[in-house]
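Letter by letter, the chains look like this.
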Amino acid sequence: MDLQEAIKNRRSIRRFKKEKIPEEDLRSLVLESGIWAPSGGNAQTWRFLIITDEKILKKIKLVSPGLLGDPPSLIVICHDMSLAQRKGGRLGEAVLSLMDTAMAAQNIMLQAYSMGFGTCPIASFHPEAIKQILNLPAYFSPQLIISVGIPDENPAPPLRNREVVWVNKYGD
């Protein structure tokens, strides 16, 4: 699949078929796409949890108002904040970890789309509850959840504002 096609056609999917995604495909999304995203200062402080257990999925859904539908799997992107602080100081904790999450998530979602899977990034969740449910160390910070499944919908693309680009200075 052409990269531009994936960029333009990937949508946030909130309705999934019941079919499960093979664990090796989920691992591939993280190992072949997520960890190859750029990382500020090459710190690579991200940590990825793949969730497929139905009991854990239900618990996460209870503390994640942004998690719609019933995805058969989730990828939780966390950061090791003690490592982020050691490698990048306050900038590493406050900014770079968020940028790294966003870049890894985009890679994962585009790769998932190219494999025929649907995804949706979820930022509306209770971080402390997620830490408890997943038994995360105190220094891990959950930053984004990505639902992953076989799409059961095909949303139309939203209109895009093309009046957002200038060259050399604003207004030209």
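Below or above, wherever it landed, is the structure these notes cover. Residue indices begin from 1 for each chain and proceed along its sequence in written order. The predicted origin of the model limits local features to residues at a pLDDT of at least 70 and limits the giving and counting of side-chain atom pairs to 80 or more, whereas totals for whole chains, interfaces and linings rest on all residues. Excluding hydrogens and water, the side-chain figures rest on all heavy atoms present in the structure.

For a regular strand, side-chain orientation follows a simple rule: the groups alternate between the two sheet faces. Most of strand S4 (residues 140-149) sits out of view: 9 of its 10 residues are buried. Here, any two strands with at least 2 DSSP bridges between them count as paired. To qualify as a helix, a DSSP run of H or I must reach at least 4 residues; to qualify as a strand, a run of E must reach at least 2; elements of each kind are numbered from the N terminus. The pairing of strand S2 (residues 73-80) with S4 spans 8 bridges and is antiparallel. Across the sheet, the residue bridging to Asp80 is Phe140, located in S4. Where strand S3 (residues 118-122) meets S4, 5 bridges bridge the pair, whose relative direction is antiparallel. Three labels apply to residues, based on accessible area from a 1.4 Å probe with only protein chains included: buried if under 20% of the type maximum, exposed if over 50%, partly exposed otherwise in between.

Only buried residues count toward a nonpolar core. Its members are Ala, Val, Leu, Ile, Met, Phe, Trp, Tyr and Cys residues joined through side-chain atoms within 4.5 Å. By size, the foremost hydrophobic cluster in this structure holds 19 residues, and its most contacted members are Leu29, Phe48, Ile75, Ile77, Ile108, Ile146 and Val148. Of all elements in the fold, only helix H2 (23-32), strand S1 (46-51), S2, helix H4 (81-114) and S4 reach the threshold of two or more residues within this core. With 5 residues, the top contributor of residues to this core is H4. Counting residues in hydrophobic clusters, the runner-up holds 15 residues, among them Ile51, Cys78, Leu134 and Phe140.

When their charged atoms lie close together, side chains carrying opposite charge are able to pair. Whenever a carboxyl oxygen of Asp or Glu lies within 4 Å of a side-chain nitrogen of Lys or Arg, that contact is scored as a salt bridge. Enumeration according to the criterion identifies 5 salt bridges in this entry. Across the pair Arg15 and Glu153 runs a salt bridge whose closest N-O atoms are separated by 4.0 Å. Residue Arg15 is found in the loop between helix H1 (3-9) and H2, and its partner Glu153 is found in the segment after S4; the two are separated by 138 residues along the sequence. With its nearest N and O atoms 3.7 Å apart, the salt bridge here joins Lys20 to Glu54. Residue Lys20 is found in the loop between H1 and H2, and its partner Glu54 is found in helix H3 (residues 54-62); the two are separated by 34 residues along the sequence. With a relative accessible area of 47%, Lys20 lands in the partly exposed category.

Keep in mind these values describe shape, not function.
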